[in-house]
Amino acid sequence: MADWLSAQDWQALILSLRVAVLSVVFSLPIALALAWLLSRRRFPGSTLVEALLFLPLILPPVVTGYALLALLGRNAPLGHFLAEFGIVFAFRWTGAVIAAAVMGFPLLVLSIRVAFDSVDTRLEAAAETLGARAWRRFVTITLPLSLRGVAAGCVLAFARAFGEFGATISFVSNIPGETRTLPIAIYELLNVPGGMPGVHRLSLVALLVALAAAASATLIAGGSLWRRRRDA
Amino acid sequence: MLELSIRHTLDDLDLDVAFNSDARTLALFGDSGAGKTSVLNAIAGLLVPREGRIVLDGRVLLDTAAGIDVAASDRRIGYVFQDGRLFPHLDVRGNLLYGARSQRNGDVADFDTVLALLELAPLASRKPGTLSGGERQRVAIGRALLASPRALLLDEPMTGLHLEARRQVLDYLQRLKRELGVFTLLVTHHAEEVAALADEVVLLDEGRMTGQRTRAAFIAGRESGSVALA
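Residues numbered from 1 in each chain as written. Chains lettered and ligands numbered in written order. Predicted model: local features only at pLDDT ≥ 70, side-chain atom pairs only at ≥ 80, totals over all residues.

**A word on the overall build of chain B**
- Looking only at helices and strands, one finds 7 helices and 11 strands in chain B.
- For chain B, whose C-alpha radius of gyration is 17 Å, the value lies close to the compact-globule estimate of 17 Å for 230 residues.
- Oriented by its inertia axes, the alpha-carbon framework of chain B measures out at about 45 × 45 × 30 Å.
- Residues classed as buried in chain B amount to 45% of the 230 residues present.
- In chain B, 69% of the contacts between residues at least 6 apart in sequence involve partners at least 24 apart. (Helix = DSSP H or I, 4+ residues; strand = E, 2+ residues; numbered from the N terminus. Rg over C-alpha atoms; globule rule 2.2 N^0.38 Å. Buried ≥ 20, exposed ≤ 12 C-beta atoms within 10 Å, placed from the backbone. Contact = placed C-beta atoms within 7 Å.)

**Let's talk about the environment of H162(B)**
- Of note, H162(B) is situated in the loop between β8 (151-155) and α5 (163-179).
- Between the C-alpha atoms of H162(B) and G134(B), which are 28 residues apart in sequence, the distance is 8.4 Å.

**Some remarks on the interface of chain B and chain A**
- Taken together, the contacts link 20 residues of chain B with 17 residues of chain A.
- Breaking the side of chain B that touches chain A down by element, the ones donating at least two residues are β7 (77-80) and α2 (92-102) of chain B.
- The element contributing the most residues to the side of chain B that touches chain A is α2(B), with 3 residues.
- When grouped by side-chain class, the residues that make up the side of chain B that touches chain A number 11 nonpolar, 6 polar and 3 charged. (Nonpolar A, V, L, I, M, F, W, Y, C, P; charged D, E, K, R; others polar.)

Quick look at the structure:
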């Protein structure tokens, strides 16, 4: 496969994998905290938070990308402020991570929230009477009992991030070696004469990655189901 | 030993209970829906009553007038729930040690003592899902004891068990009472459990306390038919 893919193909594939993995890694702690809050606490504005959470799913991705540019672009107040410290996201691969994280975040939070909701809170109460404070209850009871949902959320968010196109191209454009992810590379190849073999190659690669993600999700679910049956 | 006064409104019950007791083993006796479990939840810190004061061995756990409400995790109350509530992802050893890890200054019983008292050694590596009802309750009792509790709350610990398992769990509880002497509050609607374990009985009916008796008076009342029994 090394010879079968061109150097540019490899570049796009590795960038996409890096962007997708990092977007999940960085958004997971925030998603866990937010999902726990939504599942276990009623607070003023919780309905508004839930509504805002859905926005990236409903808005056209290009609009989300534009919103990121308006917020984090070099001329935007926040982007300008961050640039003073050398932190720049627009037109950088790190910006692609932000775009992918934003697009995958609702799927991650919703999956984890459903998983938290399914945990019997009476077990958490039992842990509390045994001296466990909130953090220990979360780490030793809530999280282990909802791991399947958390893992499923990670796979969904990874898949969403790996396929991300609209928000990414709006926010960080198409810079070879920097922001040209696999979907953007496919799009570009579709628009150049003689690009079809490349489109086929990269589409096949995308299919293989998608199959691997789906298989890992099934394995995770299978493992947990096996444990659940045994403990029933 | 235990001073309790609570007022609270639940969905279908107005709870208004107040009593003091110096008994080592106290029973809350009444029919389903009398508010027995709510009293236990208030002592454990899982229910915050509208008004109330709970003092256990001189330690104020709750005093709504003074704004005191000790967190459930800091009350050191061993709670054995009606449904056991064992952690399904941990084996018996993991369940037993869960509270022991939280409270390192254990003084009620060590792991080996509890394992021996409740005959749990053969079950140590099994998951809760593979245990019988009686075994599950023994693990739940052991888990509560190993958290070094100042008091042990038993919420209908023999409900749902067949006769032999009930007898077995009752034997274990009597053994615990003899050998460990930790203050125990037993919720039940079975008079024979009161007779077998309690030193004193508080009678509850529809959220109100209707009497407080010694075991002897309770048994005498049972024989004369003046106490409603299950």
